[in-house]
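Summary of the model geometry
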Amino acid sequence: MTAGMRGIALYLRSRAIPSTVLVFLAAAGLTCAGYLSDDPMTARMVGLIAVVLGIAAIARTLSGPDEELEHGTPVPWRLIRLLQVSLLGGTLLGLLAAVHQIAGKRAHAVPFGNLLWAVLALTAVTALATALVGAQAAWVPAIGWALLMLVVGPRNSVGGQALTWMVQDPRTVTSTTVAALLTVVGVAAYTQRGSRG
């Protein structure tokens, strides 16, 4: 194994990437289990809960064991942070989208727009929370907000659509705008600042 490969392997282990991918696979399995139900609402709810499970795992990867040590090394950390958060979100999205395509019945499937924005925006909210409060508590805002949206359900008012963007019709302008803004702001903040503390 070359020094570069050894460095990548150490980085992946220090960020708990292998175990996070296992959680992604468990989320995909949960999605498959959701499609065993004949109730479309249950299948959609389980599909979105699987997203939340995957997002919870991403939070712990966004900080290393010694952030000060990492910041003191001559490595392009902004690029690495951007690649990491993008690849993790993309991997989770790809796995869940594949399961929805393979196992989901058309009437039962979570709409791809909801799946896309849920993964991207919740990953970005987790990244933003990592930059603001640190990786230890970064999962709380994204997971709390997502679970609240699942409990409350879609709303008709503009404010309600903004606050419950994940469960709205993906063609809703307000919810799509909020999800896009969250994605851009969260990824930009994490890429720029990294983990706090």
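Look a little higher up for the structure.
Residues numbered from 1 in each chain as written. Predicted model: local features only at pLDDT ≥ 70, side-chain atom pairs only at ≥ 80, totals over all residues. Heavy atoms only, no water.

**Looking at the overall build of the chain**
Scanning the chain for helices and strands turns up 9 helices and 0 strands. Written out in order from the N terminus, the α and β elements of the chain read α-α-α-α-α-α-α-α-α. Over its C-alpha trace the chain gives a radius of gyration of 17 Å, about what one expects of a compact globule, namely 16 Å for 197 residues. Expressed as lengths along the three principal axes of its C-alpha atoms, the size of the chain is roughly 50 × 35 × 20 Å. Across the 197 residues in the chain, those meeting the buried criterion constitute 45%. For the chain, restricting intrachain contacts to residue pairs at least 6 apart in sequence, the fraction spanning at least 24 positions comes to 72%. As presented, the chain carries roughly 9900 Å² of accessible surface, and 71% of it is formed by carbon and sulfur atoms. One finds the centroid of the 13 positive side-chain charges in the chain at a distance of 4 Å from the centroid of its 7 negative side-chain charges. (Helix = DSSP H or I, 4+ residues; strand = E, 2+ residues; numbered from the N terminus. Rg over C-alpha atoms; globule rule 2.2 N^0.38 Å. Buried < 20%, exposed > 50% of the residue type's maximum accessible area, 1.4 Å probe, protein only. Contact = heavy atoms within 4.5 Å. Areas by Shrake-Rupley, 256 points an atom, 1.4 Å probe, with all protein chains shown as cover. Lys, Arg positive; Asp, Glu negative; His and termini not counted. Charge placed at Lys NZ, Arg CZ, Asp CG, Glu CD.)

**A few points about the packing of helix α6 (residues 112-133) against helix α7 (residues 139-152)**
Each pair of packed helices can be summarised by the angle the axes make with each other and by the distance between the axes. Two elements in contact, α6 and α7, have axes whose closest approach is 7 Å; the angle formed by their N-to-C orientations is 140°. Taking contact as the criterion, the partners of L122, V125, T126 and A129 in α6 are, on α7, P141, A142, W145 and A146. Across the contact of α6 with α7, the residue classes break down as 7 nonpolar, 1 polar and no charged. (Axes fitted to C-alpha atoms, helices over the stretch in contact; angles between N-to-C directions. Nonpolar A, V, L, I, M, F, W, Y, C, P; charged D, E, K, R; others polar.)

**Considering unusual backbone geometry**
Even without being glycine, A16 reaches a positive phi, approximately 60°. Relative to the assigned elements, A16 resides in the loop between α1 (3-14) and α2 (17-34). What makes A16 buried here is its relative accessible area of 19%.

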